[in-house]
Amino acid sequence: METLRYELRGSRPVKRVDPVLVGVVASGNLEVLIEAGVPGLCVFQIETSARGFGTIWEAVIRDFHERHDFAGTRVSIHDMGATPAVVSLRLEQAASSLAGDLR
Amino acid sequence: MSATSYAECSARQRLALLLDAGSFEEWLPPAMRVMSPHLAQLSVPCAFDDGIAIGRARLGGHEIFVAAQEGEFMGGGVGEVHGAKLTGLLMRALRDKPAAVLLLAESGGVRLHEANAGLIAVSEVMRAVLDVRAAGIPVVSLIGGSNGCFGGMGIVARCTDRIVMSETGRLSMSGPEVIEASHGVEEFDSKDRALVWRTTGGKHRFAAGDCDELVDDDVQAFRNAAIAAISRADASRPVVLDALEFEHAMLSDRLETAALAA
């Protein structure tokens with residue numbers, strides 16, 4: 001297992017207080033939990049069963065952050081070997097659940 | 001409205017669709033991070049909810065307690081925390097006296113990573129189920145996930161007042177792979193799907209009297225059956241001597257019938 005952490009500056013504060021959970025920790029899948037976090041930052045904390053994919057994780061995370069630019073947000077991920085495309089879809093799913101009732 | 005497959009839903013989707021809309025209030029939700037201490041030691045990713053969601057809700061207007069196991073996370077395996085959440089829910093039911101406790105079971109049994117801690121957890125769940133039944137609170141199991149309900153959770157389900165299954169659902173003690181591994185492929189071919197379902201599947205269990213209601217693989221059908229199960233006059237069936245003797249007689253009959261058939 002490998003733990004990765006990225007702290008990115010964001011400019012769009014997320015107002016929601018209720019955490020959002022999408023996905024399940026299963027083979028080729030992951031769960032994403034979005035909560036309120038440190039103002040001005042979007043902090044990604046990833047625990048993944050696959051070692052040595054930090055570069056790809058960073059690319060996927062930066063791509064997501066470029067689209068949403070969240071701030072005051074904590075994104076926690078538990079991954080069981082999901083492909084980058086699946087990770088992106090889950091992140092988008094979580095972001096749209098946030099958008100659904102709060103922003 | 002078209003049917004929503006119960007088997008295809010995640011545990012949380014089932015809770016959202018099966019209970020009265022918006023009524024589920026979760027205890028120890030994912031953000032509280034009550035997770036397995038054992039998986040981290042083995043370097044296996046945890047789940048924020050340890051594979052089970054518990055809480056209170058309304059079902060057809062009744063105030064109930066409910067637990068839903070996530071079959072996709074470690075096959076719904078019962079670890080120490082997972083089991084403790086279930087036991088805690090049942091113990092709270094003894095205190096708060098809800099109209100019923102609903103168990104959306106989907107599990108391969110004890111989570112082997114957690115060994116004895118998982119085994120103890122399952123035994124505590126069984127004891128708690130029987131305590132809740134003895135208090136006159138009905139406990140109803142719903143089984144329709146693609147991982148079935150096996151091992152310790154198979155026993156737990158059979159300890160509850162009533163079981164509702166779909167044809168897709170499976171209920172047994174040892175799972176197909178376990179029987180094949182211990183007794184050989186000649187005894188039981190776990191890849192023979194027809195064999196697996198005609199020994200453990202919902203239809204077989206219903207015919208054998210091991211489940212009380214057989215429904216379509218549809219969340220709404222499970223909801224209706226669950227409401228019916230907790231609303232009936234004899235919803236609560238405490239384990240008394242007569243009930244045990246009846247059960248023993250039924251099992252003896254079955255053994256003889258099966259011996260004749262073989």
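Here, every reference points to the structure presented above.
Everything numeric here is computed off the predicted structure, so don't read it as measured data. (Residues numbered from 1 in each chain as written. Chains lettered and ligands numbered in written order. Predicted model: local features only at pLDDT ≥ 70, side-chain atom pairs only at ≥ 80, totals over all residues. Heavy atoms only, no water.)

(A) Spatial organisation of the overall build of chain A. When its secondary structure is counted, chain A shows two helices and seven strands. Mapped from its N terminus to its C terminus, chain A presents α and β elements in the order β-β-β-β-β-α-β-β-α. For the C-alpha atoms alone, the extent of chain A along its principal axes is close to 35 × 25 × 20 Å. Per-residue burial for chain A yields a buried fraction of 48% across its 103 residues. Sequence separation of at least 24 residues holds for 84% of the intrachain contacts in chain A that already meet a minimum separation of 6. Summed over its atoms, the accessible surface of chain A is roughly 4900 Å², and 54% of this surface lies on carbon and sulfur atoms. Averaging the coordinates of the 11 positive side-chain charges in chain A and doing the same for the 13 negative ones gives two points 4 Å apart. (Helix = DSSP H or I, 4+ residues; strand = E, 2+ residues; numbered from the N terminus. Buried < 20%, exposed > 50% of the residue type's maximum accessible area, 1.4 Å probe, protein only. Contact = heavy atoms within 4.5 Å. Areas by Shrake-Rupley, 256 points an atom, 1.4 Å probe, with all protein chains shown as cover. Lys, Arg positive; Asp, Glu negative; His and termini not counted. Charge placed at Lys NZ, Arg CZ, Asp CG, Glu CD.)

(B) Up close: the sheet that holds strand β4 (residues 30–36) of chain A. All names here are of chain A. Ordered in space as β1-β5-β7-β4-β3, the five strands form an open sheet in which the pairing is mixed. Of all the strands in the sheet, the pair left with one neighbour each is β1 (2–9) and β3 (20–23). In this sheet, adjacent strand axes meet at a mean angle of 15° when their direction is disregarded. Summarising the sheet, strand β5 (residues 41–48) and strand β7 (residues 73–79) pair through seven bridges and their orientation is parallel. Bridge pairing links threonine 48 to aspartate 79 in β7. (Pairing = 2+ DSSP bridges. Axes fitted to C-alpha atoms, helices over the stretch in contact; angles between N-to-C directions.)

(C) Broad picture of the packing of aromatic side chains. In total, this model carries four aromatic pairs over all chains according to the counting rule given. Centre to centre, the rings of phenylalanine 44 of chain A and phenylalanine 64 of chain A are 6.1 Å apart; their planes meet at 90°, and the pair counts as edge-to-face. Taken together, the residues phenylalanine 44 of chain A in strand β5 and phenylalanine 64 of chain A in helix α1 (residues 54–68) connect sequence positions 20 residues apart. Between tryptophan 27 of chain B and phenylalanine 65 of chain B, the aromatic rings sit 5.1 Å apart at their centres with planes inclined by 85°, giving edge-to-face as the arrangement. Of this pair, tryptophan 27 of chain B sits in strand β1 (residues 25–27) while phenylalanine 65 of chain B sits in strand β3 (residues 62–69), and the two are 38 residues apart along the sequence. Residue classification places phenylalanine 65 of chain B among the buried positions, given a relative accessible area of 4%. Arginine 14 of chain B extends its terminal NZ or CZ atom over the ring of tyrosine 6 of chain B, reaching a point 4.4 Å from the ring centre. The ring of tryptophan 27 of chain B has arginine 92 of chain B lying over it, and the distance from NZ or CZ to the ring centre is 3.9 Å. (Phe/Tyr/Trp six-rings, centres within 6.5 Å; stacked < 30°, edge-to-face > 60°. Lys NZ or Arg CZ within 6 Å of the ring centre and 35° of its normal.)

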